[in-house]
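# Breakdown of the fold
Below are the chains, spelled out letter by letter.
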Amino acid sequence: MNNNLYCALRDAFPKDIDQTAIETADGEPLFYTWRDLDRSSAMIANLFQSLDLPADSRVLVQTDKSVETLILYLAVLRAGLVYVPLNSAYQASELEYFIGNAEPAVVVCASRDFGWISKIAFRAGTQHTYTLDDDRSGSLLQRAAHHSGQQVPVPRTSADVATIIYTSGTTGRSKGAMLSHGNLLSNAQVLKTLWGWRSAAEGGDVLIHALPLFHVHGLFVASHGALLNGSKMLWFAKFDARAVTARLPEATVFMGVPTLYVRLLAEPSFGAVACRNMRLFISGSAPLLAETFRQFSERTGHTILERYGMSETVMLTSNPNTTSPEAPPLGRIAGTVGFALPGVDLRISGDGGSLCQPGEIGAVEVRGPSIFQGYWRMPEKTAEEFSADGWFKTGDVGHLDSHGRLTLIGRSKDLIISGGYNVYPAEVEGYLNELPGVDESAVIGVPHPDFGEAVVAVLVPRAGSTVDPQACIAALKQRIAGFKVPKQVTLADHLPRNAMGKVQKALLREQHRAAFAG
Ligand code: MCA
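Overview of the structure. Keep in mind that this is a model prediction, so the values were computed, not measured.

Next up on the list: the overall build of the protein. A tally of helices and strands in the protein yields 15 helices and 24 strands. Relative to the compact-globule value of 24 Å for 518 residues, the protein shows a C-alpha radius of gyration of 23 Å, a close match. Its C-alpha atoms put the protein at 70 × 55 × 50 Å along the principal axes. The proportion of buried residues among the 518 residues of the protein is 58%. Expressed as a percentage of contacts within the protein between residues at least 6 apart in sequence, the contacts between residues at least 24 apart total 67%. In the form shown here, the protein has an accessible surface area of approximately 21,100 Å², with 52% of it arising from carbon and sulfur atoms.

As structure tokens, then:
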């Protein structure tokens, strides 16, 4: 049996494959049928197969969001290669690391970046660099046009790696989480049942896809959900609250990070009328404020379903889908991320590894079919993240209630989540400390009305040096992705330290917590 994930997705396509699978919703509408997805991904897969690449070669992709990028992902699955998506905001120094670490056989980037990315790729030994733009142009599609629109997916086992998703590391070095065909399929199948995706015969769901395509949320949870159910997607290259509201009446399912919900609530045209045909609003990737949950319900009559997952695990828990017969008897509760998904084992470990009782706070650990295959070329890091008895240590801290419902209360790792993107302070501090005149720095996350948390830096200038905070922000924008750049930089004579010499970040967070209030 071929366990290539594409086979399962293809089997779920509707019988009439000339129906629309994806309609682009910003700009001039474009309609992609299921046949288009199958044919175009076959052509790109055939192009890759013609390159005679070693098994498990990586295809690293940094492009703007487009339906063609989704088709490229499907093609990589079909060709049995490993898909490595990168945030389109990453800059040269970040790309150097990712390309050096992944050693991809193929790189696909936007034409505007070809000059510098192809040089980095060439130095890393990559033999094939193609371009793909968001207007259906670029050398990838030109080359693929010469290939057949028929292809038999390369046989893969469930354990074969389908993708590497880079996650930020506590020390500043990103780690590539390897997810297999089986990890992704099992998770998508569980969510299909749990969230009650409706087949075409049951009226059919329509998903608004407005998330980036380089993270687990947009690429797997959203796209796989629609593809595995043969559901149409209304496709937004970029989230815009007004534009999304205008198309909501045609949709039934929406997925977003909390920032998207905050922005929808700020949009005057958004409300119960726009949501009249909606069935499910799902939130994840960052904590959803109880206030947002409450306001949303008051404004629309809909209760947001919050769920929890990670790049290393795909989805782990979900609040119940109360319309599904399998749902537990309790509703969706603000501030909790729900119950372990079927097949996921979840435990809360206390100090010394003892198991916590309901209500007791401890480290969240998990086991199950969607847990990743390890970090790419980092066996020691992989070993560190698993307990001796094989449970993955999520790094999140929380407690279960007597029904098994999980509430997250913090993280054991020093992590900021800004607008759904993870930012590790150590990485940003590394860049700040290289700036002229900077002696040391501390990066923290503080509450932000739009992004949930915003990155803030406290800098200590070197004796005799003058440091301009705005110039520091401008300098960092040249070097790293914009979402990691501090929204505010303040100067200090020294950083507060405890008796062990460790910077007291909790104190700094307290001092700066009102930075964006109001
Ligand atoms: C953009 N900017 C940000 C962020 N995004 N700053 C902080 N945090 C952010 N998240 C900055 C840019 O650098 C730029 O700065 C300015 O905002 C405008 O940029 P633009 O791209 O126009 O921003 P936007 O379109 O308003 O984007 C905001 C966004 C986006 C829509 C919230 O960040 C987003 O799509 N977030 C979703 C991320 C996501 O999908 N996460 C899932 C990963 P300047 O003007 O200074 O240049 S986590 C995951 O997959 C796990 C497993 C899970 O459970 O889901």
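Once that is clear, we can look at the pattern of salt bridges. Applying the stated rule across the entire model yields 30 salt bridges. For K232, the salt bridge is made with E23, and the minimal N-O distance between the two is 2.8 Å. A residue pair is termed long-range when its members are at least 10 positions apart, and K232 in strand 10 (residues 232-235) and E23 in strand 1 (residues 20-24) qualify at 209 residues. Among the salt bridges present, the one from E291 reaches R294, with a minimum N-O distance of 2.6 Å. With E291 and R294 both in helix 11 (residues 290-300) and three residues apart, this pair spans about one turn of that helix.

Contacts to the ligand come from 25 residues, most closely from K238, R263, S285, S418 and K477. Between the ligand and K477 there is a distance of 2.7 Å, counted from an oxygen atom to a side-chain nitrogen or oxygen. Its free accessible area being 1,000 Å², the ligand has 75% of it covered by the protein chains. For the shell around the ligand, the class distribution of residues is 10 nonpolar, 10 polar and five charged.

Once that is clear, we can look at the side chain of S318. Summarising the element assignment, S318 is placed in strand 14 (residues 314-318). Residue classification places S318 among the buried residues on the basis of a relative accessible area of 3%. For S318, the side chain forms a polar contact with the side chain of W195, separated by 2.9 Å. Those residues within four positions of S318 in sequence are excluded, and the remaining contacts are L194, W195, L305, E306, R307, V337, G338, F339 and L341.

With the rule as written, the count across this model stands at 21 aromatic pairs. Taking the centre distance of 6.5 Å and the plane angle of 50° together, the rings of Y90 and F483 count as tilted. Taken as a pair, Y90 in the loop between strand 4 (82-85) and helix 4 (92-102) and F483 in the loop between helix 14 (469-477) and strand 24 (488-491) lie far apart in primary sequence, 393 residues in all. Each member of the pair, Y90 as well as F483, is classed as buried. Taken together, the aromatic side chains of Y90, Y97, F98, Y166, F214, Y421 and F483 make up a single cluster linked through ring pairs. When the ring centre of W235 is taken as reference, the NZ or CZ atom of K65 above it lies at 4.7 Å.

The next point concerns the side chain of Q62. Looking at the secondary structure, you find Q62 in strand 3 (residues 58-62). According to the relative accessible area criterion, Q62 is buried, its value standing at 3%.

So, on to the environment of E360. Inspection of the secondary structure assignment puts E360 in the loop between strand 16 (345-349) and strand 17 (362-367). For E360, a relative accessible area of 39% translates into the label partly exposed. The spatial distance from the C-alpha of E360 to the C-alpha of S349 is 9.3 Å, given a sequence separation of 11 residues.

Moving on: the sheet that holds strand 23 (residues 452-461). The strand order across the open sheet built from three strands is 22-23-24, with neighbouring strands paired in mixed fashion. Every other strand in the sheet has two partners, leaving strand 22 (438-448) and strand 24 as the edge strands with one partner each. Across the sheet, the mean angle from the axis of one strand to that of its neighbour is 25°, orientation sign disregarded. Across 10 bridges, the pairing between strand 22 and strand 23 is antiparallel. In the sheet register, H448 faces strand 23, and the bridge partner there is G452. Taken strand by strand, helix 13 (residues 425-433) contacts strand 22 and strand 23, and its axis lies near 140° from that of strand 22.

Looking now at the packing of helix 3 (residues 67-78) against helix 8 (residues 216-227). Contact geometry for helix 3 and helix 8: axes closest at 13 Å, N-to-C directions at 85°. For the element pair helix 3 / helix 8, the angle class is roughly perpendicular. Two secondary-structure elements touch here, helix 3 through L70, Y73 and L74 and helix 8 through L219, F220, S223, H224 and L227.

Another aspect to go through is helix 11. Turning to helix 11, its buried residues are T292, F293, F296 and T300. The buried residues of helix 11 occupy one face: seen down the axis, they fall within an arc of 100°. Contacts from the buried residues of helix 11 go to helix 10 (258-265) and strand 12 (280-283). After helix 11 finishes, the residue G301 shows a positive phi value of roughly 80°.

Turning next to the pairing of strand 22. With respect to burial, strand 22 is a largely interior element, eight of its 11 residues being buried. Linking strand 22 to strand 23, which pair antiparallel, is a turn of three residues.

What follows concerns the packing of helix 2 (residues 34-50) against helix 3. Where helix 2 meets helix 3, the closest approach of the two axes is 8 Å, and the angle between their N-to-C directions is 55°. Considered as vectors, helix 2 and helix 3 are oriented oblique to each other. Here the hand of the crossing between helix 2 and helix 3 comes out right-handed. Residue-level inspection shows L37, D38, S40, S41, A42, I44, A45 and F48 of helix 2 in contact with helix 3, the latter providing V67, I71, L72, L74, A75, V76 and R78. Counted by class, the contact of helix 2 with helix 3 contains 11 nonpolar, two polar and two charged residues.

Right, let's talk about unusual backbone geometry for a bit. Of note in this structure, D52 is not a glycine but carries a positive phi near 55°. Secondary-structure assignment places D52 in the loop between helix 2 and strand 3. In the Ramachandran plot, E103 falls in the positive-phi region, its phi being about 45° despite a non-glycine side chain. When you line up the elements, E103 lands in the loop between helix 4 and strand 5 (106-109).

Reading the values: the criteria
Residues numbered from 1 in each chain as written. Predicted model: local features only at pLDDT ≥ 70, side-chain atom pairs only at ≥ 80, totals over all residues. Heavy atoms only, no water. Helix = DSSP H or I, 4+ residues; strand = E, 2+ residues; numbered from the N terminus. Rg over C-alpha atoms; globule rule 2.2 N^0.38 Å. Buried < 20%, exposed > 50% of the residue type's maximum accessible area, 1.4 Å probe, protein only. Contact = heavy atoms within 4.5 Å. Areas by Shrake-Rupley, 256 points an atom, 1.4 Å probe, with all protein chains shown as cover. Salt bridge = Lys/Arg side-chain N within 4 Å of Asp/Glu carboxyl O. Near = heavy atom within 4 Å. Polar contact = N/O pair within 3.5 Å; in protein donor to acceptor, adjacent residues only side chain to side chain. Nonpolar A, V, L, I, M, F, W, Y, C, P; charged D, E, K, R; others polar. Phe/Tyr/Trp six-rings, centres within 6.5 Å; stacked < 30°, edge-to-face > 60°. Lys NZ or Arg CZ within 6 Å of the ring centre and 35° of its normal. Pairing = 2+ DSSP bridges. Axes fitted to C-alpha atoms, helices over the stretch in contact; angles between N-to-C directions. Parallel < 35°, antiparallel > 145°, perpendicular 65-115°, else oblique. Arc of directions from axis to C-beta. Left-handed = near helix turned anticlockwise from the far one by under 90°.

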